[in-house]
Protein chains: 4
Amino acid sequence: MEAAQFVLTLSCADRPGIVGAVSSHLAAQGSNILEAQQFGDAQTGQFFMRLVFHPCTADVAADDLRAGFKVVAQRFDMQWTLRLRDQRRRVLLMVSKFDHCLADLLYRWRIGELPMDIVGIIANHPRETYRHLDFDAIPFHYLPVDRADKATQEAQVWAVIEQSGAELVVLARYMQVLSDELAGKLAGRCINIHHSFLPGFKGARPYHQAHRRGVKLIGATAHFVTADLDEGPIIEQDIERVSHSNTPEDMIRIGRDIERRVLARTLRLVLDDRVLVDGHKTVVFAP
Amino acid sequence: MEAAQFVLTLSCADRPGIVGAVSSHLAAQGSNILEAQQFGDAQTGQFFMRLVFHPCTADVAADDLRAGFKVVAQRFDMQWTLRLRDQRRRVLLMVSKFDHCLADLLYRWRIGELPMDIVGIIANHPRETYRHLDFDAIPFHYLPVDRADKATQEAQVWAVIEQSGAELVVLARYMQVLSDELAGKLAGRCINIHHSFLPGFKGARPYHQAHRRGVKLIGATAHFVTADLDEGPIIEQDIERVSHSNTPEDMIRIGRDIERRVLARTLRLVLDDRVLVDGHKTVVFAP
Amino acid sequence: MEAAQFVLTLSCADRPGIVGAVSSHLAAQGSNILEAQQFGDAQTGQFFMRLVFHPCTADVAADDLRAGFKVVAQRFDMQWTLRLRDQRRRVLLMVSKFDHCLADLLYRWRIGELPMDIVGIIANHPRETYRHLDFDAIPFHYLPVDRADKATQEAQVWAVIEQSGAELVVLARYMQVLSDELAGKLAGRCINIHHSFLPGFKGARPYHQAHRRGVKLIGATAHFVTADLDEGPIIEQDIERVSHSNTPEDMIRIGRDIERRVLARTLRLVLDDRVLVDGHKTVVFAP
Amino acid sequence: MEAAQFVLTLSCADRPGIVGAVSSHLAAQGSNILEAQQFGDAQTGQFFMRLVFHPCTADVAADDLRAGFKVVAQRFDMQWTLRLRDQRRRVLLMVSKFDHCLADLLYRWRIGELPMDIVGIIANHPRETYRHLDFDAIPFHYLPVDRADKATQEAQVWAVIEQSGAELVVLARYMQVLSDELAGKLAGRCINIHHSFLPGFKGARPYHQAHRRGVKLIGATAHFVTADLDEGPIIEQDIERVSHSNTPEDMIRIGRDIERRVLARTLRLVLDDRVLVDGHKTVVFAP
C-alpha cells in the first residue's frame, strides 16, 4: 500500500533555521519530502512554506503528525496547518442569477478536477433558475434577500455554513455584498470572483465601466473576501483581448469565460493548500 | 510599375449610404479597393472607415485624389485623411533616463519594421546618457527641465517640433508631464506609453503600487496624450504574469518588455493610419 | 420595426472592381452596409469578402436578395452565400466518452451564446454516459461503433444528418476517424477539435506525445474535417503553459479547458459566417 | 556586510532522505536556506533540486562549501554544482546575419538584466553587418563559413571558446548547423533559439512552412543544442497570434519579437542555475 501524502503549510517571522528545523523534524520521523516551496517576504519579514510529504508508515494519523510538529511550530511561533492531502475539503457554493461559474464548478467537480465535497448550494434565486443543472444530492438552499432586512438572510446563510460544516465558501457570482460581520467570520476561507481586472473598475457593472473607458483588455479577479469590498487579497487574475467593436454585452460574454477559469483555477489552488494569506496579499505556491 | 497604394480614413455621423458613396466614388475613378474596414459606434452614432486602394494609374498624385474626394467628404461632413501609403511620417521621439523604448524603436526603425523618418530626439538628459545608442544622423536635442520654469523648456520642445516638421510625437518613457497647453497643441498626434495597466495604478511609481496591491498581472498602456493625465484614449495594452515572489524591481524589469512591445505595436498601427480617435476612446483597425 | 440583417460571403478570382460592384449593387437596392471585411490572397490570387447589411425594407426575403445578387456573382464567377443573419443554423453534435466540449457547447447554447438549433446528438456511448447533462428535447442517437464494420455505423450517422437537416456537424471530441467517403460528403461543414497544437503531435494520445517531448506549451486546434486526417484547414488554435512538473494527466486536464474554448470560439465564428475556406487554409473574418 | 548567496543544484536517482540529508548538511554548517525547489520525475525516477542559501559567515569560499558537500553528494551519487550566485558566467554569443537577438541580449546585458560577462561574439558575417551595434570591449570574431570546408571554421570556433574560457555558448540566430562533434563538446552548455514552435516546422524556413499550413499561432523555442538537430531538450517556448492576412514576411517580423524574448528569458533562467537537463527534457525551476 502506498503511503498517504500530507500537506504542511506554515508562516512565521523569518529568521535563520526554519527550513532546517522543519526538514530535520520530518527526516527524524522518517518522512520523505515530495514537494517543498518557500518564500520570504522581504518587506514584511514574514516567511511562508508548503511541504508535501509521505510519512514513514502508511497508517500514521494526521493527529499524531500534528502533535509531533507542535514543538517545531511553537519554537518559531508559526501559523500552520497539516492535512491529509486526499481528505476532501467541505465546500459551500453561493450563487445569484448568473450560473456560468456554478455550472462550471459542478462539471469540474463531477469529473474529478476539483477534489472537494460540495456540502450545499445557497442561492438568492429559486431552484427553477438553475433547472438545467443537475445538483445530484447536494442540498440546495433558496435564501432570497429582503433589501430592507439583509441581516435575516445572512443569519440563514451562516446557519447553513455552520450546519453543513463548510470549511470553504465560494461566491460563484453571488451578487450580494456580505456584511462586515459575515465577511469577518469567513476571513481566510471565503473566495469571491470579481468580474474586473482589479484594481480597475471596482464596484458595479465593471464591463460597462470598461467599455466606457475603452480598454483593450478585460479581466477577472479571484480574491479572499474581506470587509473592505473589492480590496481583499488577490489570488488569481486573467484577461482577454477586446476591441472597439465589442459592446458591453460582448464583454460580459467574453468575461464569463475569464471568470469561470479564474475561479476554477483559484479553487484548485486553495483545495491543494497552495494559497497563504500574507497581510492584504497572497502567497500562491503554484504547481 | 506597380500602382502606389493610398490610405483613406474617415469618420462622420452614421447614416445609410456612406459605404456605398465612398465605394462608388473610388470605383468611378477606376480605383481598386485592397483593404476596407469600418465601424459604427452605436453609442455615439459615429461612423469610422479605413480603406486602402490602388488608383487607376500609377502616376496619380495624392492632391488630385484629395480634390476628388472632397465632394463625398462634404456631403457627409467627414473628418478625413488621404495619404500615399509609402510616404513616411515625420516622427519625433522624446525620452528621459530610461531608454529601453527608445533603443527598441531605433532598432525596429533601422531594420525597416517602423516605416518613418525620425526627425529628432528630445531628451531631458544629456547625450552621454544614451552613449551606447547609435543615433545616426538624427538630430539630438538635450532640453533639461528646470522645475521652477517648465514653460521655457516646453517652448524649446515646441520649437523643435515646429522646425522639424514632426507630424507625430512619441513619448518613449518621457517622464515629464506635458502642460495642458502643449498637450492641447499635440492633440491626436502625441502618443505616450504608461507603465501600468490603466485605469489601474495611475500616477507615479505604478509598479510599486502594483506590488503593494499584490496583483498577479502587470501591464502597460499606450494612449494619446490629452490634458487629462493618464486619461487619454487608449490605443493598445498588454500584460505579463507576476507572482508574490516578484519584487518591485522585478516588475520594473518585466514591465520594460511590456512597455516596449506595446509602444512599438502602437506606433506601427498609427503609422499605417489604423488608429482613429472616437471621443475619449479609439477605433483600431488591426491588420 | 428594425430591418433584419443579412450576411453575404463570397470568394472568387481576384481582379479590380469586385468591391465596387458589390457595394454598388447593394447601394442600388437601398441597402446599408453595417460590416465589411475583405482579403485578397496574394499567393492563390483568390479574393474573399464578408458583408453584413440592412436591406432597404424590413420585409424583404432572402430569396429575393439572392435572386438580385446572382447577376453580380455570375459576372465574377463567385462562390457565395447570402443568409438572414438571425436564422439559426441546424447543428448536429457528435461525441465520444469525454463530454467536456459537449457540456460546454450545451451550456453556451442554452444561455444564448451560440445562436443555433441543435438538431441532434450522436454518441458512440449510451445516454447513461452523459446522465448528468440535460439534453432537453434534443434527439439523442446512440450509434456504437463495431470495429469490424464501421460502414454500418457511418450509414446510420449519415441517415441522422440527412433526416435532421443538419447544416453543420461538430465533432465535439468524437474519437472515431471518419471514412474518406463521409468526410467528403461533409466537406466544408464538419468541424473537429483536435487536442494538440497542430501540426505538432498528430495522431493518437497527443498529450502523452507532448509530455514525452517536454514542450512548455500545449494546445488545441479546431479545423474543418477532410479525408486527410489532422490536415484539414485550421480555423482556430490556442495554448496554455505547462511545466516539467505536469504529468500527462495534468496536460489532459489543462487541455480540456483549451479544447472547449477553442471549439466554442470556432463554432461562434462559423455560425456568424466568418470562416471561409481558402484551399487547405481558412480566412477568418474575426469580429 | 551581507553574506553572499550560493546556488546548489543537484540531481540523482530518487529515494527517501535526499531533501533531509541536504537540509541537515546545510543546517549543520549554519547556512540559511533562502530558496528551495525540487522535482521528482516519476517516469525516469530521477530527482532534481535547486537551493539558494546564505552560509554562516560572510567570507566562506565556494571551494570550502564544495568540499563539505562532497560527502552528501557521494552518498546519493549526485550530479551537482555549487556556485557563488553573484559570480558572472562567461558567455559567448554566436550570430549570423539577423541581429535582433544579439541586439536585444546586448541591451539587456548593458542595463544589468543579464548578469554575465560576454567574452566574445562570433559571427559568420563581418563586423560591418552589425555596424550600428556598440560591442564595447567585447572581442569580435569574424569566422566565415566555407561550405566546402566547415571543419576549419568549427575548429576556429572551438579555439575561441577555449581561449575565451566560455562556460556558455548562445546561438543567437546563428544559422549554421553545428557538427555532431562540436555539438557533443558543448553538450549542456549551448543554447539555441529556433524560430518555430517545436516540434512543428522543424528544419528550414519555418515561418514559410507555418504560412503554408495556415496555422493561427506562431512560436519560437529555446533549447539545448544536441547532435540531433531541433531535437534538443526544450527550455522555453512562446507564441503570438497570426491571421490569414499575415504574409510570411509578417510572420518573420512577429517572430523576431517572440525569438528575442524567449531567448532572453531562457538565458536569464540558465544564468541563475534554474535549468537542469532531465534526459531529453528539462526541469526549469522558474522564480
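The rules behind these values
- Along each chain, residues carry numbers from 1 onward, in the same order as the chain's sequence is written.
- For this description, chains carry letters from A and ligands carry numbers from 1, given in the order in which they are written.
- Local features in this predicted model are restricted to residues of pLDDT 70 or higher, and side-chain atom pairs are both shown and tallied only at a pLDDT of 80 or more, whereas totals for entire chains, interfaces and linings draw on every residue.
- Computation of side-chain values covers all heavy atoms of the structure but excludes hydrogens and water.
- Buried, partly exposed and exposed residues are distinguished by accessible area as a fraction of the type maximum, computed with a 1.4 Å probe on protein chains only: under 20%, between the cut-offs, and over 50%, respectively.
- Every helix listed is a DSSP run of H or I at least four residues long, and every strand listed is a run of E at least two residues long, numbered separately from the N terminus.
- Strand pairing follows a simple DSSP-based rule, namely that at least 2 bridges must link the two strands.
- Any two residues whose heavy atoms approach within 4.5 Å are treated as being in contact.
- Buried area is understood as the total, over both parts, of accessible area removed when two parts are fitted together, assessed with a 1.4 Å probe.
- Throughout this description, the term salt bridge denotes a Lys or Arg side-chain nitrogen within 4 Å of a carboxyl oxygen of Asp or Glu.
- Side-chain atoms alone can form a polar contact between residues adjacent in sequence; in general such a contact is a pair of N or O atoms within 3.5 Å, and within protein one must be able to donate a hydrogen while the other accepts it.
- Amino acids are sorted into nonpolar (Ala, Val, Leu, Ile, Met, Phe, Trp, Tyr, Cys and Pro), charged (Asp, Glu, Lys and Arg) and polar (every other residue, Gly among them).
- Least-squares superposition of the copies uses the C-alpha atoms of those residues scoring a pLDDT of at least 70 in each of them.
- UniProt positions are given in the numbering used here, feature names are shortened, and annotations may be inferred rather than shown by experiment.
- Between the N-to-C directions of two axes lies an angle of 0 to 180 degrees, each axis being a line fitted to C-alpha atoms and, for a helix, fitted only over the stretch in contact.
- Each angle receives one of four descriptions, namely roughly parallel if under 35 degrees, roughly antiparallel if over 145, roughly perpendicular if within 65 to 115, and oblique otherwise.
- Two helices cross in a left-handed way if the nearer one is turned anticlockwise from the farther one by less than a right angle. They cross in a right-handed way if the turn is clockwise.

Peer 1: Looking at this structure, I do not really get the pairing of strand S13 (residues 281-284) of chain C. What am I missing?
Peer 2: Sheet faces and side chains relate simply in a regular strand, where the side chains alternate between the two faces. All names here are of chain C. On S13, burial covers both faces: Lys-281 and Val-283 on one face and Thr-282 and Val-284 on the other are all buried. Here 4 bridges tie strand S12 (residues 275-278) to S13, and the two strands are oriented antiparallel to one another. Following the sheet pairing, Val-275 is matched in S13 by Val-284. Hairpin connection of S12 to S13: 2 residues between the antiparallel strands, including Gly-279 at a positive phi of 70 degrees.

Peer 1: Which parts of the structure should I look at to understand the interface of chain B and chain A?
Peer 2: The parts lose accessible area when they come together, and the size of an interface is often stated as this lost area. With 34 residues of chain B in contact, the opposing surface of chain A contributes 34 residues. Buried surface at the junction of chain B and chain A, summed over both partners, amounts to about 2800 Å²; 55% is from carbon and sulfur atoms. Taken together, chain B and chain A are joined by 6 salt bridges. Measuring nitrogen to oxygen at the nearest pair gives 3.5 Å for the salt bridge that ties Arg213(B) to Glu231(A). Seen at the junction of chain B and chain A, the total is 18 residue pairs in polar contact (both at pLDDT 80 or more). Put simply, the parts of the chain that give the side of chain B that touches chain A at least two residues each are helix H6 (206-213), strand S11 (234-241), helix H7 (248-271) and strand S13 (281-284) of chain B. Among the elements that make up the side of chain B that touches chain A, the one with the highest residue count is S11(B) (7 residues). When its residues are assigned to classes, the side of chain B that touches chain A shows 14 nonpolar, 10 polar and 10 charged.

Peer 1: For this particular structure, what's the right way to read the relation of the copies chain B and chain A?
Peer 2: Two chain copies here: they are related by a rotation about an axis and a translation along the same axis. Taken as rigid bodies, chain B and chain A are interconverted by a rotation of 180 degrees and an axial shift of 0.0 Å, the fit giving an RMSD of 0.0 Å. The superposition operator between the copies reduces to a two-fold rotation axis. By C-alpha distance to the rotation axis, the residue of chain B lying nearest is Gly200(B), at 2.4 Å. A share of 100% of the interface residues of chain B reappears at the interface of chain A, consistent with the copies meeting face to face through the same patch.

Peer 1: Just to check I follow, could you spell out the UniProt feature "active site" (unreviewed entry) in chain A for this structure?
Peer 2: Here the UniProt-annotated "active site" (unreviewed entry) positions come out as Asp230(A). Looking at the secondary structure, you find Asp230(A) in the loop between strand S10 (217-224) and strand S11 (234-241). Note on Asp230(A): relative accessible area 7%, which makes it buried. Those residues in contact with Asp230(A) that sit more than four places away from it in its chain are His194(A), Leu198(A), Lys202(A), Gly203(A), His223(A) and Arg213(B).

Peer 1: Explain the packing of helix H3 (residues 100-110) of chain A against helix H7 (residues 248-271) of chain A to me, please; I cannot follow it from the model alone.
Peer 2: Between two packed helices, what matters for the description is the angle formed by their axes and the separation of those axes. Residue and element names in this part refer to chain A. In the contact formed by H3 and H7, the axes pass within 9 Å of each other and the chain directions differ by 45 degrees. In terms of axis orientation, H3 runs oblique to H7. Where H3 crosses over H7, the handedness of that crossing is right-handed. Each of His-100, Cys-101, Asp-104, Leu-105 and Arg-108 in H3 lies in contact with H7, whose residues at this interface are Arg-256, Glu-259, Arg-260, Arg-261, Leu-263, Ala-264 and Leu-267. Grouping the amino acids of the contact of H3 with H7 by side-chain chemistry returns 5 nonpolar, 1 polar and 6 charged.

Peer 1: Is there a simple way to think about the interface of chain C and chain A in this case?
Peer 2: Counting residues at the interface gives 23 residues for chain C, matched by 23 residues for chain A. Roughly 1900 Å² is buried in total at the junction of chain C and chain A, and carbon and sulfur atoms are behind 39% of that figure. For Arg256(C), the salt bridge goes to Glu113(A), with nearest N and O atoms at 2.9 Å. Applying the counting criterion to the chain C and chain A interface returns 14 residue pairs in polar contact (both at pLDDT 80 or more). Of all the secondary-structure elements, those providing two or more residues to the side of chain C that touches chain A are helix H3 (100-110) and helix H7 (248-271) of chain C.

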